[in-house]
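# Understanding the architecture of this molecule
One letter stands for each residue in the lines below.
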Amino acid sequence: MRPSSPRPLLVRSIPALWTLALGLWGLSRQNSVWRDEAATWQVARRSTAEITQMLGNVDVVHGLYYLLMHGLFDLFGPGTAVLRLPSVVAMAVAATCVAALGHRLAGPWAGLGGGLALGLLPAVQFYLQEGRPYALVAAGAGVSTLLLVTLLEGRGRAVHWVAYGGTVAVSGLLNWLSLLILPAHLLTLLLSGRGGRRRHDLGGLGKPVGLGEPVGPGGPGKPGGPAGLGGLGKRWAVAAGAAVVCVLPLVLFSRSQSAQVSWIPPLTWHMLIGPAILLAIGGAGALLDRRSPHRPDGLSAAAVGLPLLVVPHLGLAGLSLIQPLFLDRYVLFSLLGLALLIGAAIGVAVRTVSRRLPRAGWWLLPAIVAVAAVALLPQALAKRSPASRVDDVLAAADDVRRLKRPGDAVLFFPSARRDTRLVSPDAFSGLEDIALARAPERSGTLKGVEAEPARIRAAMLTHRRILLVTDAPAVSRPPATERDRMKRSVLRNHFRIVTDGQTRGRRVTLYERRV
């Protein structure tokens, strides 16, 4: 006996509300903003012309996202809520897409379980409240995958193809590594037939069907339906190709700014442990989906979820052999595949339990979610703590506001720590940025252009008190430029420390000139 199923509207809306609630919980992160979000904040406050000028020099890969946040900051003003709410809403959209996919492919309990599972994944909880574009890319991946399934089921029209290509293109403009979803979708296309599913050696994903093999409602090679995978394959290639053409200029131009990711370490085996665990969990879900009787003659959750989980990770690992790029945030969208497979496994569990204990079926999913939420509660609390990030620019700005006096000077070491002033300019009012030659807005950079070492030295020696904003020792690096070495040398030889404080990864030191 099967448990009565939740209504389709509830299957889609409950995961969305659940993810929104998780995102709004502790959204301000104790009023903290770390260095990556500080980049979003300070760029979003510039004019459109200044943003365009900056993108020619740095961060062009985030250009569309910066322009979006610029519009939101103009409408609502800067703040942690405005900074992070787009990510919260985007991940709620992604959860809705997972729920819809699970419902179609493996039943309502699978959809509800998958949508709820997405918000609980630790990596999702981290980027759910992050003022960066990765959650928006995940939403795009969810929408494009849902459109693909609609088309594979034969329910799509030309407008769906246009929407599919447009969604992939917009996601690519937010982060061009999201184009790794295309080979995942191609694999789904190869493994599935519209209206026909045959068991195969690939763990029940479905019999691989050639792109030129017609598929009708009765299965591969059987008549009775509209254009088969041959037509679908061609239309998919056109839509995917159009998306790639739209994103290709960004890919090529961003290569000139590749020094920005030079800090990413080369790929090593230990970096693959986490992804391997995720792939193992997803593989288990795919095997359980093989037992699902929900759609014996239709597209399976495994045929959609497993490629979405596996292919982007493999693609990013392959690219990282050429240039180190292996960061989980670049393939955050692949976790939608994991959530879908978890949902499929939950659906199988609900059906299995209901056959033996019919009344227990309704309570199994709430019990699973409750146990998972309690088990992951320490992780959830940690993600919402300022300590979950490298530093906090707002805490450093508060220290400067407390220590400064009229006529004081300020230095940043390295110059990238100038993000503290750019996010909180009021805290630095009355202070002279003595190393700065050209402001970030005028120079089209994130951190500005500093003067030559000799001029910085001369300016330092004309001041009695200097505030230094730098990294805490735990995350600091040795001086990499002659300017920074000059700053350190002058402070050591001509100044003494009056106050030295460290807060949330940043260090603010007050120096006074020796008599």
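A few points on the structure. Model, not experiment: these values are computed from the prediction. (Residues numbered from 1 in each chain as written. Predicted model: local features only at pLDDT ≥ 70, side-chain atom pairs only at ≥ 80, totals over all residues. Heavy atoms only, no water.)

### Examining the pattern of salt bridges
Applying the stated rule across the entire model yields 25 salt bridges. The salt bridge partner of Arg506 is Asp419, with a shortest N-O separation of 3.0 Å. Of this pair, Arg506 sits in strand β9 (residues 506-513) while Asp419 sits in helix α18 (residues 419-423), and the two are 87 residues apart along the sequence. No difference in accessibility class separates Arg506 from Asp419, as the two residues are buried. (Salt bridge = Lys/Arg side-chain N within 4 Å of Asp/Glu carboxyl O. Helix = DSSP H or I, 4+ residues; strand = E, 2+ residues; numbered from the N terminus. Buried < 20%, exposed > 50% of the residue type's maximum accessible area, 1.4 Å probe, protein only.)

### A closer look at the sheet that holds β9
Taken in spatial order, the five strands make up an open sheet running β4-β3-β7-β9-β8, and their pairing is mixed. Strands with a single pairing partner mark the edges of an open sheet, and in this sheet they are β4 (432-433) and β8 (495-503). Summarising the sheet, β8 and β9 pair through eight bridges and their orientation is antiparallel. Bridge pairing in β9 links Thr503 to Arg506. Contacts from helix α17 (residues 393-403) reach β7 (465-471), β8 and β9, with the element oriented near 25 degrees to β9. (Pairing = 2+ DSSP bridges. Contact = heavy atoms within 4.5 Å. Axes fitted to C-alpha atoms, helices over the stretch in contact; angles between N-to-C directions.)

### Thoughts on unusual backbone geometry
Of the consecutive residues Phe413 and Pro414, the connecting peptide bond is found in the cis state with omega at -5 degrees. Its place among the elements puts Pro414 in the loop between β3 (409-413) and α18. Even without a glycine there, the phi angle at Arg29 is positive, about 50 degrees. You can see Arg29 is positioned in the loop between α1 (8-24) and α2 (35-44). The exposure class of Arg29 is buried, given its relative accessible area of 1%. We note that Arg504 has phi near 50 degrees; this positive angle belongs to a residue other than glycine. Tracing the chain through its elements places Arg504 in the loop between β8 and β9.

### A look at the layout of surface pockets
Here the second largest pocket defines a volume of roughly 310 Å³. Together, 16 residues line the second largest pocket, and Phe413, Leu468, Arg488, Arg507 and Tyr511 are the ones closest to its centre. Within the residue set of the lining of the second largest pocket, elements represented by two or more residues are β7, α21 (482-494) and β9. Looking at which element gives the most residues to the lining of the second largest pocket, the answer is α21, with four residues. (1 Å grid on protein atoms, 1.4 Å probe; cavity = no way out; pocket = protein on both sides within 12 Å on 5 of 7 lines; lining within 4 Å. Points joined across faces, edges and corners; volume = space filled by probe spheres on them.)

### With respect to the nonpolar core
A general tendency of soluble globular proteins is for nonpolar side chains to be buried together. Ranked by internal contacts, the top residues of the largest apolar core, which has 100 residues, are Met91, Leu118 and Phe333. Of all the elements, helix α8 (residues 134-152) adds the most residues to this core, at 13 residues. If near-sequence neighbours (up to four positions away) are discounted, Leu118 is found in contact with Met91, Ala94, Ala95, Val98, Val124, Leu335, Leu336 and Ala339. Within the second largest apolar cluster, 16 residues are counted, among which are Ala435, Ala451, Leu468 and Met486. (Core = buried A, V, L, I, M, F, W, Y, C linked by side-chain atoms within 4.5 Å.)

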